[in-house]
Amino acid sequence: MERVMETVRAVADAMPPEDVETAFALTAADFAAPDPLASPAAVAAERFARAALLIARAEAAPRRVFADRPSAVALRSSLSTSFDAELEAASADRDDAGYAALSAARAALVEWFSMTIIDLRPVVFARLPRHLPAHVVAWRLYGSLDRLDDLAGRNRVRHPGYMPETVEAVAP
């Protein structure tokens, strides 16, 4: 089983951190609905695979660069929900060691997120007097054009010359 965990970690370490969450969450979902006719060994192997993928997702989180507070909060929520499901499975299987390990990992992750989220900027909604070009909005909000692409992307504009009257932006 250690080899499996080492392999999962190696794959996660080789991937960009933002890709680990999506790829591993989708893979873990494949193991979510256990086959009622599966042997106890197969059920245990699936539970171990889900836990290994969850640990790899959790280990990749600190390597991510979060653009804003809501993205970090969303990932914390997703990981916490996954940890809760695995803790429930460990409890149902009376796996005290697995429960303790998952519980400790979850606690460390929540503590890390709590410290990280404090330093991230929130997302705000700014009301403009009229439709303005993105570069004007970026200059008014930030005093520079460094966040022009982020501003246009957040608001899903077809053309950066025409921003909506209410824009979503990372707080200055």
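Structure: see above.
Residues numbered from 1 in each chain as written. Predicted model: local features only at pLDDT ≥ 70, side-chain atom pairs only at ≥ 80, totals over all residues. Heavy atoms only, no water.

(A) Region of interest: the overall build of the protein chain. When you go through the protein chain residue by residue, the secondary structure sums to seven helices and two strands. N-terminal to C-terminal, the α/β element order of the protein chain is α-α-α-α-α-β-α-α-β. Considered along the principal axes of its C-alpha atoms, the protein chain spans approximately 65 × 30 × 30 Å. If you sum the accessible surface of the protein chain, you get close to 10,400 Å²; carbon and sulfur atoms cover 58% of it. (Helix = DSSP H or I, 4+ residues; strand = E, 2+ residues; numbered from the N terminus. Areas by Shrake-Rupley, 256 points an atom, 1.4 Å probe, with all protein chains shown as cover.)

(B) Up close: unusual backbone geometry. Even without glycine at this site, arginine 94 takes up a positive phi of about 55°. Mapped onto the secondary structure, arginine 94 falls in the loop between α4 (69-92) and α5 (96-119). With a relative accessible area of 73%, arginine 94 lands in the exposed category. A positive phi angle, close to 45°, is found at arginine 156, a residue other than glycine. With respect to the secondary-structure elements, arginine 156 resides in the loop between α7 (148-154) and β2 (166-170). (Buried < 20%, exposed > 50% of the residue type's maximum accessible area, 1.4 Å probe, protein only.)

(C) Examining the layout of surface pockets more closely. Of the volumes computed, that of the largest pocket is approximately 230 Å³. If you go around the largest pocket, you meet 12 residues; those closest to its centre are Arg47, Phe48, Ala51, Asp95 and Gly98. At the level of elements, α1 (2-14), α3 (40-60) and α5 are the ones that each hand at least two residues to the lining of the largest pocket. (1 Å grid on protein atoms, 1.4 Å probe; cavity = no way out; pocket = protein on both sides within 12 Å on 5 of 7 lines; lining within 4 Å. Points joined across faces, edges and corners; volume = space filled by probe spheres on them.)

(D) Broad picture of the pattern of salt bridges. The final tally for this structure, using the stated rule, is eight salt bridges. Between aspartate 95 and arginine 47 there is a salt bridge, with its nearest N and O atoms 2.5 Å apart. Pair noted here: aspartate 95 is in the loop between α4 and α5 and arginine 47 is in helix α3, with a separation of 48 residues, a long-range link. With a relative accessible area of 26%, aspartate 95 lands in the partly exposed category. Its relative accessible area of 14% is what places arginine 47 among the buried residues. Between glutamate 165 and arginine 127 there is a salt bridge; the shortest N-O distance is 3.7 Å. With glutamate 165 in the loop between α7 and β2 and arginine 127 in strand β1 (residues 123-127), this pair connects stretches of sequence that are 38 residues apart. Glutamate 165 gets classed as partly exposed once you look at its relative accessible area, which sits at 28%. (Salt bridge = Lys/Arg side-chain N within 4 Å of Asp/Glu carboxyl O.)

Coordinates in, geometry out; function isn't part of it.
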